[in-house]
Amino acid sequence: MSPDTTMEKIYLTPTPVRIWHWLNALGIVTLCVTGLQIRFPEYANIFGTYKAAIKLHDVAGVTVSISFLIWFFYYLFVARNLVKLYVPNLDDIRQGLFKQAFFYFFAYFLGRQNPHTATQESKFNAIQKLSYLFIMFLFLPLVIVSGLLLMNIEPLRGWIVMIGGIAFLADAHYLIACSFFAFLCVHIYMATLGHTPFSHFRQMWTGWEEVESGGRSK
Ligand code: HEM
């Protein structure tokens, strides 16, 4: 960035999305820690009893499920820009993914500018779109449905048998949860790659992002 570049603030993330995001983040972190004790009770005794870990896991799971529905209905019926923001277009696939990967793996370390221009209509770059699409439309629904089935084994036994039985379901739930943990590590690292290490975090808290005049995200 040249020294005479001027900065402006744009409002990127509305309040309901920010509330969803931090409630969801707290829920997912709680699920990961309690899940660790439930899966490996002999190694991890974080919440006292096994029963306490399960109770907290269930409460966090229900919170994440309800907040997912709020996120979905808000974007679909109130903001009405779910597809535009989250689904990569042809340009993203043909050029955006490569350009953005080149930036994250190489150009960023040379101090070059982010090729993506953050605006209210297009706040995610191609890599963000693709990863958020997978996490919000595939992994989150899968972990929610498998978790709800495991919470209600007796009434839903027929369905559980149909999809492969309890052991298969528990393993699938655990593997999806591991993918979540991997996503979380990459997500938090990528969130530090704004114009300062905390600018995206501040944006996710206040809604306002600082960009170069004309809209280019630093
Ligand atoms: C401690 C945990 C987390 C932290 C610190 C964190 C941090 C952030 C930050 C700084 C942003 C804004 C920058 C960006 O757009 O990349 C963001 C956006 C986002 N995060 Fe997270 N995140 C966390 C957990 C999660 C989890 C568990 C999920 C999904 C299951 C998630 C999904 C998203 C999505 C979809 C957005 C874009 C939201 C929108 O503007 O529509 N995050 N996160």
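Conventions we followed
Residues numbered from 1 in each chain as written. Predicted model: local features only at pLDDT ≥ 70, side-chain atom pairs only at ≥ 80, totals over all residues. Heavy atoms only, no water. Helix = DSSP H or I, 4+ residues; strand = E, 2+ residues; numbered from the N terminus. Buried < 20%, exposed > 50% of the residue type's maximum accessible area, 1.4 Å probe, protein only. Core = buried A, V, L, I, M, F, W, Y, C linked by side-chain atoms within 4.5 Å. Contact = heavy atoms within 4.5 Å. Salt bridge = Lys/Arg side-chain N within 4 Å of Asp/Glu carboxyl O. Donors = N, O, S within 2.8 Å, 3.2 Å for Na, K, Ca; no water. Tetrahedral: all angles 85-135°; square planar, octahedral: opposite > 155°, others 65-115°. pLDDT = per-residue confidence, 0-100. Near = heavy atom within 4 Å. Polar contact = N/O pair within 3.5 Å; in protein donor to acceptor, adjacent residues only side chain to side chain.

Caption draft 1: View of unusual backbone geometry. Phi is positive for Arg80, close to 55°, though the residue is something other than glycine. Here Arg80 is to be found in the loop between α2 (50-79) and α3 (82-86). Classification of Arg80 as exposed rests on a relative accessible area of 68%.

Caption draft 2: The arrangement of the nonpolar core in detail. Within the largest apolar cluster, 23 residues are counted, with the highest numbers of intra-cluster contacts made by Trp71, Tyr75, Tyr86, Met136, Leu140 and Phe180. Contributing elements (two or more residues each) for this core: α1 (15-39), α2, α3, α5 (126-151) and α7 (166-191). Beyond its immediate stretch of four places on either side in the chain, Leu140 contacts Asn24, Ile28, Val64, Phe68, Ile135 and Phe180.

Caption draft 3: View of the pattern of salt bridges. Per the stated rule, a full pass over the model turns up three salt bridges. Residue Arg39 is joined to Asp171 by a salt bridge in which the shortest nitrogen-to-oxygen separation is 3.3 Å. Of the two residues, Arg39 is situated in helix α1 and Asp171 in helix α7; the sequence distance between them amounts to 132 residues. Under the relative-accessibility criterion, Asp171 is labelled partly exposed at 39%.

Caption draft 4: Up close: the coordination of the iron atom of the ligand. Coordination of the iron atom of the ligand by the protein comes from His21 (NE2) and His187 (NE2), over a distance range of 2.0 Å. Around the iron atom of the ligand, the six donor atoms sit at angles spanning 85 to 179°, and that spread fits a shape best called octahedral. You can see His21 sitting in helix α1 and its partner His187 sitting in helix α7, a full 166 residues away along the chain.

Caption draft 5: A look at the confidence of the model for the protein chain. Averaged over every residue, the pLDDT of the protein chain is 94; the share at 70 or more is 95%. The weakest mean pLDDT in the protein chain belongs to strand β2 (residues 208-212) at 86; the strongest belongs to α5 at 98.

Caption draft 6: Summary view of the environment of Tyr108. Relative to the assigned elements, Tyr108 resides in the loop between α4 (90-105) and α5. Given the relative accessible area of 27%, Tyr108 is considered partly exposed. Setting aside residues up to four positions removed in sequence, Tyr108 forms contacts with Phe103, Thr192 and Leu193.

Caption draft 7: Molecular detail of the site of the ligand. Surrounding the ligand, one finds 25 residues, the nearest of these being His21, Tyr75, Tyr86, Tyr132 and His187. The side chain of Tyr86 places a nitrogen or oxygen atom 2.6 Å from an oxygen atom of the ligand. Within the side chain of Gln128, a nitrogen or oxygen atom sits 3.1 Å from an oxygen atom of the ligand. For the shell around the ligand, the elements supplying multiple residues, two or more each, are α1, α5, α7 and α8 (199-206). Considering each element in turn, the shell around the ligand owes the most residues, seven residues, to α1.

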